[in-house]
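Reading the structure
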Amino acid sequence: MVDITYQIVPHDEGWAYKLGDTLSETYATVEEAIDHAKRAASRQKIGGGDATLAFPAPGGGWKFVPLATDKSGSRL
């Protein structure tokens, strides 16, 4: 099983989500980047693995939230 983490990171004067070394396009707000990361995760096919969203917490550090993914096992 594969577990993946989408990170929300500062990027080009805005925010992006990152999976591994790959960055998304830039979004104006953290909330937009989170929304798009959730959408991307919902389409991610990872079988029985789990996905997590990590983003900067308002008080410092990181906040981690589980994400829904496609666990159907389909390769399409």
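Cut-offs applied
- Residues numbered from 1 in each chain as written.
- Predicted model: local features only at pLDDT ≥ 70, side-chain atom pairs only at ≥ 80, totals over all residues.
- Heavy atoms only, no water.
- Pairing = 2+ DSSP bridges.
- Helix = DSSP H or I, 4+ residues; strand = E, 2+ residues; numbered from the N terminus.
- Expected span 1.5 Å × (residues − 1).
- Buried < 20%, exposed > 50% of the residue type's maximum accessible area, 1.4 Å probe, protein only.
- Arc of directions from axis to C-beta.
- Core = buried A, V, L, I, M, F, W, Y, C linked by side-chain atoms within 4.5 Å.

Right, let's get into the pairing of strand S4 (residues 51-56). Pairing analysis gives four bridges linking strand S1 (residues 4-11) to S4, with the strands arranged parallel. Within the sheet, the bridge partner assigned to tyrosine 6 lies in S4 and is leucine 53. Across six bridges, the pairing between S4 and strand S5 (residues 62-67) is antiparallel. Paired with alanine 54 across the strands is phenylalanine 64, a residue of S5.

It is worth spelling out the sheet that holds S5 at this point. The strands that make up a sheet pair up through hydrogen bonds in the backbone, lying either parallel or antiparallel. In space, the five strands of this open sheet follow the order S3-S2-S1-S4-S5, with mixed pairing throughout. Each having just a single partner strand, strand S3 (22-23) and S5 make up the two edges of the open sheet. Sheet analysis places strand S2 (residues 14-19) next to S3, joined by two bridges and oriented antiparallel. Considered in S3, the bridge of leucine 19 is made with threonine 22.

The next point concerns helix H1 (residues 30-43). The end-to-end C-alpha distance of H1 is 20 Å, a good match for the 20 Å that 14 residues give at a rise of 1.5 Å each. Looking at H1, one finds that the buried residues are Val30, Ala33, Ile34, Ala37, Ala40 and Ala41. End-on, the buried residues of H1 take up no more than an arc of 125°, which puts them together on one face. Turned more than 90 degrees off the buried face of H1, the exposed positions are Glu31 and Arg43.

Moving on, we come to the pairing of S1. Look at any regular strand and the pattern is simple: side chains alternate between the two faces of the sheet. Summarising the sheet, S1 and S2 pair through six bridges and their orientation is antiparallel. Residue pairing for S2: isoleucine 8 is matched across the bridge by tyrosine 17. From the end of S1 to the start of S2, which pair antiparallel, there are two residues, and aspartate 12 there has a positive phi angle of about 45°.

Attention now goes to the nonpolar core. The tendency in soluble globular proteins is for nonpolar side chains to be buried side by side. Counting residues in each nonpolar core, the largest one holds 15 residues, and the members touching the most others are Tyr6, Ile8, Tyr17, Ile34, Ala37, Leu53 and Leu67. Contributions of two or more residues to this core are made by S1, H1 and S4.

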